[in-house]
Amino acid sequence: AQSVAQPEDQVNVAEGNPLTVKCTYSVSGNPYLFWYVQYPNRGLQFLLKYITGDNLVKGSYGFEAEFNKSQTSFHLKKPSALVSDSALYFCAVRDLRYTGNQFYFGTGTSLTVIP
Amino acid sequence: DGGITQSPKYLFRKEGQNVTLSCEQNLNHDAMYWYRQDPGQGLRLIYYSQIVNDFQKGDIAEGYSVSREKKESFPLTVTSAQKNPTAFYLCASSIRTGGDTQYFGPGTRLTVL
């Protein structure tokens with residue numbers, strides 16, 4: 001069973017508009033949740049994570065994400081999109097059922113910010 | 001990408017050949033990981049290592065092998081048994097296991113000719 005899902009392969013947003021990249025998870029308990037960004041032919045860069053505490057997590061480059069346990073979601077948001085935000089975004093979950101630090105990644109969402 | 005290096009950036013292999021991808025980190029992290037990335041499939045875990053001289057299979061370990069003789073190095077060998085090795089390979093490390101953030105290297109793109 002898929003531990004994490006990103007329902008949108010592609011998201012387009014106009015520069016200056018708010019953006020949302022969706023992520024839902026299906027592991028039990030209180031998972032650890034992460035967002036990464038990938039630029040073409042590059043490795044993944046860490047944006048933010050939720051472990052515990054405040055459901056609204058702030059991260060790098062003005063991004064934030066909200067943990068919603070009842071909806072099992074961890075959507076990535078930014079109030080005002082920049083053209084430079086165009087990239088591939090991955091949500092990941094650390095499944096606490098396993099002793100290793102195994103992350104399960106979504107299939108990625110390609111974000112395009114239109115000038 | 002800081003602190004984790006992967007080499008080479010591009011690698012071409014003939015069918016039937018083994019090839020080794022290098023991953024080095026200077027972050028003093030205990031845990032290291034290898035992922036494979038294919039278009040539309042996200043990242044899939046090949047192997048991971050929590051400490052020196054120990055490693056565990058991930059979800060797609062068949063056709064791959066690793067070693068962890070030094071804390072800072074975790075090379076991945078793609079063997080001739082791997083049926084479809086053409087992919088983008090990413091190495092990552094974390095301070096330790098247990099929910100710590102994984103940090104990624106720049107990746108190696110392997111193409112089988």
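Residues numbered from 1 in each chain as written. Chains lettered and ligands numbered in written order. Predicted model: local features only at pLDDT ≥ 70, side-chain atom pairs only at ≥ 80, totals over all residues. Heavy atoms only, no water.

Peer 1: Just checking my understanding: could you explain the layout of surface pockets for this structure?
Peer 2: A probe as big as a water molecule, rolled over the atoms, marks out the empty space that is left. The computed volume of the largest pocket comes to approximately 290 Å³. When residues of the lining of the largest pocket are traced back to their parent elements, those giving at least two are β10 (87–94) of chain A together with β4 (31–38), β9 (87–94) and β11 (108–112) of chain B. Its residues placed into classes, the lining of the largest pocket shows 8 nonpolar, 9 polar and 3 charged. (1 Å grid on protein atoms, 1.4 Å probe; cavity = no way out; pocket = protein on both sides within 12 Å on 5 of 7 lines; lining within 4 Å. Points joined across faces, edges and corners; volume = space filled by probe spheres on them. Helix = DSSP H or I, 4+ residues; strand = E, 2+ residues; numbered from the N terminus. Nonpolar A, V, L, I, M, F, W, Y, C, P; charged D, E, K, R; others polar.)

Peer 1: What am I meant to see in the pattern of salt bridges here?
Peer 2: Side chains bearing opposite charge may pair, as long as their charged atoms lie close to each other. Applying the stated criterion to the full structure yields 5 salt bridges over all chains. The salt bridge involving Glu64(A) is made with Lys58(A); its shortest N-O contact spans 2.9 Å. Here Arg44(B) ties to Asp38(B) by a salt bridge, and the two come within 2.8 Å at their closest N and O atoms. Given the relative accessible area of 11%, Asp38(B) is considered buried. (Salt bridge = Lys/Arg side-chain N within 4 Å of Asp/Glu carboxyl O. Buried < 20%, exposed > 50% of the residue type's maximum accessible area, 1.4 Å probe, protein only.)

Peer 1: Teacher, can you tell me more about the side chain of Arg68(B) here?
Peer 2: All names here are of chain B. Note that arginine 68 resides in the loop between β7 (64–66) and β8 (76–78). Nearest to the buried, unbridged arginine 68 among oppositely charged side chains is aspartate 30, at 6.0 Å. Here the side chain of arginine 68 touches aspartate 30 through a polar contact of 2.9 Å, landing on its backbone oxygen. One polar contact links arginine 68 to serine 49, side chain to side chain, over a distance of 2.8 Å. (Lys, Arg positive; Asp, Glu negative; His and termini not counted. Polar contact = N/O pair within 3.5 Å; in protein donor to acceptor, adjacent residues only side chain to side chain.)

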